[in-house]
Amino acid sequence: MGELKLMKGNEAIAEAAIRAGVDAYFGYPITPQSEVLEYLMQEQPEERTGMVVLQAESELAAINMVYGAASTGKKVMTTSSSPGISLYQEGISYIAGAELPCVIANVVRGGPGLGTIQPSQADYFQATKGGGHGDYKLYVLAPASVQEMADFVEDGFNIAYKYRNPVMILTDGMIGQMMEKVELKDQKPRWTDEEIKKMSDSWATIGKGNHRERNIITSLDLDSAKQEKHNHHLQKKYRQMEEEDVRFEEINCDDADYLIVAYGSSSRIAMKTLNLARAKGIRVGLFRPITLYPFPMKALNKYIGQVKGILSVEMSAGQLIEDIMLAVECKINVQHFGRYGGMIHSPDEVLQALETLINGGNNGR
Amino acid sequence: MTEEIIIAGFGGQGVLSMGKILAYSGIMQDQEVSWMPSYGPEMRGGTANVTVIVSDERISSPILNFYDTAIILNQQSMDKFESRVKPGGILLYDPNGITHHPTRTDITIYRIEGARLAAEMGNTKIFNMIVLGAYLKIKPVVKLENVILGLKKSLPERYHKLIPMNQAALTKGMENPAVYKPA
Amino acid sequence: MDVKEIIKDENLVYKKTSLMTSNVLSYCPGCGHGTAHRIIMETLDEMGLQSQTIGVAPVGCSVLAYDFMNIDMIQAAHGRAPAVATGVKRTRPDKFVFTYQGDGDLAAIGTAETIHACNRGENITIVFINNGIYGMTGGQMAPTTLEGMKTATSPYGRNLRSMGNPLKITELIAQLPGTYYVSRQAVHTPSAVRKAKKAIRLAFEIQKENKGLSFVEIVSNCNSGWKLPPVKANQWMVDNMFPFYPLGDIKVDGQLVNAQ
């Protein structure tokens, strides 16, 4: 058993990064995730493991520092919050196009624009459907506890290197700011330069030796036919993710007449609703996508014929609901409920919305 | 066992740290805990509140509408949270600065004169520990020895010399909660 | 005399460095980019640094620099090369890292990245090609376009009141404590090329010694953008660019040498 601590989600992600043997973190302060950079600076990981931590001059610079470090095969990560993640989008598109592994966490706050600093889940589309320009996908993990904030750092890097693809941890101010018990893993050593060379010499820019041609990290191809071929290759990776690396959790779904589908913070709130509803004799289950991309399409599709209705609970005006509707081929009555703009729905409000759905009412969508 | 608590008062009263120590104490006795603060500009001087949940099971929502216990340390919080104590639940408050006292009769109301006792003990900073002591007397969700362990774990080593003072404050609080019956 | 008799090792006076690929340069005939590429690659070759060097290519005419430079290279987003280079150098402090950027890239969209990399004293080398125009996109006004100079987006000449002043970014970054060596050179004559190459060499030596950021500006021509034949373009550069962007060292050993 690892070390037990009471930590904020933001602190857990930072500590987990050090312990996972991450080589570098680049970031820029923004509420509600500044604790990540603060914690790292406080911990002096340069001395603990040799991990580099740098406060960049802007989000534009931070994500491009990530791009540079990832180009050399180093394990690199960054975190930000919604407005900052918007600024990251250019870099993220380049990283996806150039096929670089890295982990990016978005501690989402209410928007659009400068919005609020309170929790939100309104960056779902941005995270799962691309975000920046071009046809690309991030592998998106949605932690629902401080423990998962810590665990998903290492899980994220495993996926990032399996596919040479950026991974996003999509969380929000609620998980970022709350404290829970977290079991921290033991320190892993950082990869040595020799290990990186063994793993990544075929693509990483670590210096051209006589044994190979030069490596080029680029997302540019002026020849459209080649660019299309590259896109086919990217799409093949995404199909493989959809086959091999979908994650989800089902709670009380076996006998369920109704489902709540929710991820991250909303799934925690919905868990409470589940208890309240079950106490009232309502047979409802909670389906929690853990990977938002790839979305658990097949797993949710199985509920066609079993459940009479699905409530999509999200702190947004209705984004997750579109994937749910696709998954169930619109054959189940799917309704949306959620507060947004920085407001958080209560378990009781969710219960009310569920009862509206059950009683044949409409929650507005 | 699941205990859902709201602690609310002014920033600077030690609301957040009281919650943190309570949560750490829960970890010390192998329980699940969550600590969810209100965060944002209000943290800086205005009202502060934190929801703490201590449970033997996996914790669901860290944000709640209704609580088993409300620990209330100023008037604004009384106005906001009195109605949100579950029927049969507990409201513990410090009467210092309270002008509109609680009126509910379907819950048990306790008073702890934390501010006065802290002043008598010559250290206003231990106010929150006196209140925590009173709460643990009413509802022993965590053992005192685990609170001390929690304090050790949550305080940086250089502050460990303050633990005896905090322990005295906890004990003082345990001796002093009084049931209050609305007129 | 037969050609075969001439092609003998003892007659060899110049050889293309193997650090340049054999790809045909995509630059316009008469452009300074090719020469600038060559002297950087020759320097790295002479210093034996091919296996330790990572170059960062920008957006602009030299976006495809990696087609010509036979080293590991990273293509950066517009203006972000100094940030990318920072990411590389911070995680690979033992490598040689340089950026190769044009004026639009370095002094317009990437001004913040340029200034902050310089100010942090990142141990990298920045090579800055200043030709006073956006060549790649078809000759639009650049931050370094001279007063009165006609471009596609200043067709009546750069008007300082409405379009702002040409930016002497090199003098600006020379003021920052993080820069150790700052020089302005050109590659339009053999003697200028030799001086420029010396500056490049010094820049990499400084990087080797971990002394801070080294920055070499190369004032160059853009005959296509300037709409002049190559020879006239070079003359125009001498007559108009050099008076505003005078050649020579600006900061040596961390000290300003050319107080203007």
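Calculation notes
Residues numbered from 1 in each chain as written. Chains lettered and ligands numbered in written order. Predicted model: local features only at pLDDT ≥ 70, side-chain atom pairs only at ≥ 80, totals over all residues. Helix = DSSP H or I, 4+ residues; strand = E, 2+ residues; numbered from the N terminus. Rg over C-alpha atoms; globule rule 2.2 N^0.38 Å. Contact = placed C-beta atoms within 7 Å. Pairing = 2+ DSSP bridges. Axes fitted to C-alpha atoms, helices over the stretch in contact; angles between N-to-C directions. Nonpolar A, V, L, I, M, F, W, Y, C, P; charged D, E, K, R; others polar. Buried ≥ 20, exposed ≤ 12 C-beta atoms within 10 Å, placed from the backbone. Expected span 1.5 Å × (residues − 1). Parallel < 35°, antiparallel > 145°, perpendicular 65-115°, else oblique. Left-handed = near helix turned anticlockwise from the far one by under 90°. Domains from an automatic or database assignment. Arc of directions from axis to C-beta.

Description of the overall build of chain A
- Scanning chain A from N- to C-terminus turns up 14 helices and 15 strands.
- Relative to the 2.2 N^0.38 estimate, which gives 21 Å for 365 residues, the radius of gyration of chain A is 21 Å and therefore close to what a compact globule would have.
- For chain A, the spread of C-alpha atoms along the principal axes amounts to about 70 × 50 × 40 Å.
- Taking all contacts inside chain A whose residues are at least 6 apart in sequence as the whole, residues at least 24 apart take part in 79%.

Some words on the sheet that holds strand β11 (residues 258–261) of chain A
Residues and elements named next belong to chain A.
- Taken together, the five strands give an open sheet; going across it, the order is β10-β12-β11-β14-β15, and neighbouring strands pair in mixed fashion. Only two strands of the sheet have a single partner each, and these edge strands are β10 (248–251) and β15 (333–337). Between one strand axis and the next, the sheet turns by 20 degrees as a mean value, whatever way the strands run.
- Lying on the sheet, helix α11 (residues 264–279) is in contact with β10, β11, β12 (284–289) and β14 (309–313); it crosses β12 at an angle near 170 degrees.
- Lying over the sheet, helix α14 (residues 347–358) contacts β11, β12, β14 and β15, oriented at roughly 150 degrees with respect to β14.

Focus on the interface of chain C and chain A
- Each partner contributes to the interface: chain C provides 29 residues, whereas chain A provides 34 residues.
- Counting residues per element, the side of chain C that touches chain A draws most heavily on helix α4 (residues 81–91) of chain C, at eight residues.
- A class-by-class count of the residues in the side of chain C that touches chain A yields 13 nonpolar, 10 polar and six charged.
- Sheet topology places strand β9 (residues 216–217) of chain A next to strand β2 (residues 72–75) of chain C; two bridges connect them, and they run parallel. Each bridged residue has a counterpart across the sheet, and for Ile217 of chain A the counterpart in β2 of chain C is Ile74 of chain C.

A word on the arrangement of the chains
- By contact count, the dominant pairing among the two pairs of chains in contact is that of chains A and C.
- Here chain B and chain C are not in contact; the least distance found between their C-alpha atoms is 29 Å.

Description of the sheet that holds strand β4 (residues 67–72) of chain B
- As summarised here, the arrangement of the nine strands in space is β1(A)-β8(A)-β2(B)-β3(B)-β1(B)-β4(B)-β5(B)-β6(B)-β7(B), forming an open sheet in which the pairing is mixed. Of all strands in the sheet, those with a lone pairing partner are β1 (3–8) of chain A together with β7 (178–180) of chain B, marking the two edges. Geometrically, the sheet is characterised by an average inter-axis angle of 25 degrees between neighbouring strands, direction not taken into account.
- By the bridge criterion, nine bridges tie strand β1 (residues 2–10) of chain B to strand β3 (residues 47–55) of chain B in an arrangement that is antiparallel. Each bridged residue has a counterpart across the sheet, and for Ile5 of chain B the counterpart in β3 of chain B is Val52 of chain B.
- Taken strand by strand, helix α1 (residues 15–28) of chain B contacts β1 and β8 (179–184) of chain A together with β1, β2 (32–37) and β3 of chain B, and its axis lies near 10 degrees from that of β3 of chain B.
- Across the sheet, helix α4 (residues 127–138) of chain B touches β4, β5 (85–93) and β6 (108–111) of chain B, and the angle it forms with β5 of chain B is around 145 degrees.

What about the pairing of strand β3 (residues 96–102) of chain C?
Residue and element names in this part refer to chain C.
- Within β3, seven of the seven residues are buried, which leaves it mostly tucked inside the rest of the structure.
- Where burial is concerned, the two faces of β3 agree: the one with Phe96, Phe98, Tyr100 and Gly102 and the one with Val97, Thr99 and Gln101 are both buried.
- Pairing between strand β1 (residues 53–57) and β3: four bridges, direction parallel. Looking across to β3, one finds that Gly55 is bridged to Phe98.
- One ladder, built from five bridges, connects β3 with strand β4 (residues 125–130); its direction is parallel. Bridged to Gln101 within β4 is Phe128.

Section: helix α10 (residues 224–244) of chain A
- Between its first and last C-alpha, α10 of chain A extends 30 Å over 21 residues, near the 30 Å set by a 1.5 Å rise per residue.
- Counting buried positions along α10 of chain A gives zero out of 21 residues, so the element sits mostly on the surface.

Here we look at the interface of chain A and chain B
- On the side of chain B, 19 residues touch chain A, which itself brings 20 residues to the contact.
- Listing elements by their share of the side of chain A that touches chain B, those giving two or more residues are β1, α8 (173–177), β8, α11 and α14 of chain A.
- Ranked by residue count, the leading element in the side of chain A that touches chain B is α11 of chain A, at five residues.
- Across the side of chain A that touches chain B, the residue classes tally to 11 nonpolar, four polar and five charged.
- Here β8 of chain A pairs with β2 of chain B via two bridges, running antiparallel. Bridge pairing in β2 of chain B places Met179 of chain A opposite Trp35 of chain B.

Focus: the packing of helix α2 (residues 33–46) of chain C against helix α9 (residues 190–208) of chain C
Residues and elements named next belong to chain C.
- In the contact formed by α2 and α9, the axes pass within 9 Å of each other and the chain directions differ by 45 degrees. By the angle between their directions, the pair α2 and α9 is classed as oblique. Between α2 and α9 lies a crossing whose hand is right-handed. Within the contact between the two elements, α2 uses Thr35, Ile39, Ile40, Glu42 and Thr43 and α9 uses Val193, Ala196, Lys197, Ile200, Arg201 and Phe204.

So, the environment of Arg158 of chain C
Residues and elements named next belong to chain C.
- By the secondary structure assignment, Arg158 is in the loop between β6 (140–141) and α7 (160–163).
- Judged by the 21 C-beta atoms lying within 10 Å of it, Arg158 is buried.
- Spatially, the C-alpha atoms of Arg158 and Thr21 are 38 Å apart, while their sequence positions differ by 137 residues.
- Contacts of Arg158, omitting those with residues within four sequence positions, involve Met141, Thr145, Leu146, Glu147, Gly148, Met149 and Met163.

A word on the domain arrangement of chain A
All names here are of chain A.
- Segmenting chain A into domains produces domain 1 (3–184) and domain 2 (248–358).
- Centre-to-centre separation of domain 1 and domain 2, based on C-alpha positions: 26 Å.
- At the interface, 26 residues of domain 1 touch 21 residues of domain 2.
- Element by element, the count of residues in the side of domain 1 that touches domain 2 is highest for helix α6 (residues 124–128), at four residues.
- Split into classes, the residues belonging to the side of domain 1 that touches domain 2 amount to 15 nonpolar, eight polar and three charged.

A short note on helix α13 (residues 320–327) of chain A
All names here are of chain A.
- Along α13, the residues that are buried comprise Leu320, Ile321, Asp323, Ile324 and Ala327. The arc enclosing the buried residues of α13, seen along the axis, measures out at 160 degrees, which places them on a common side.
- In this fold, the buried residues of α13 make contact with α6, β11, α12 (297–301), β14 and β15.
- Downstream of α13 by one or two residues, Glu329 has phi in the positive range, about 50 degrees.

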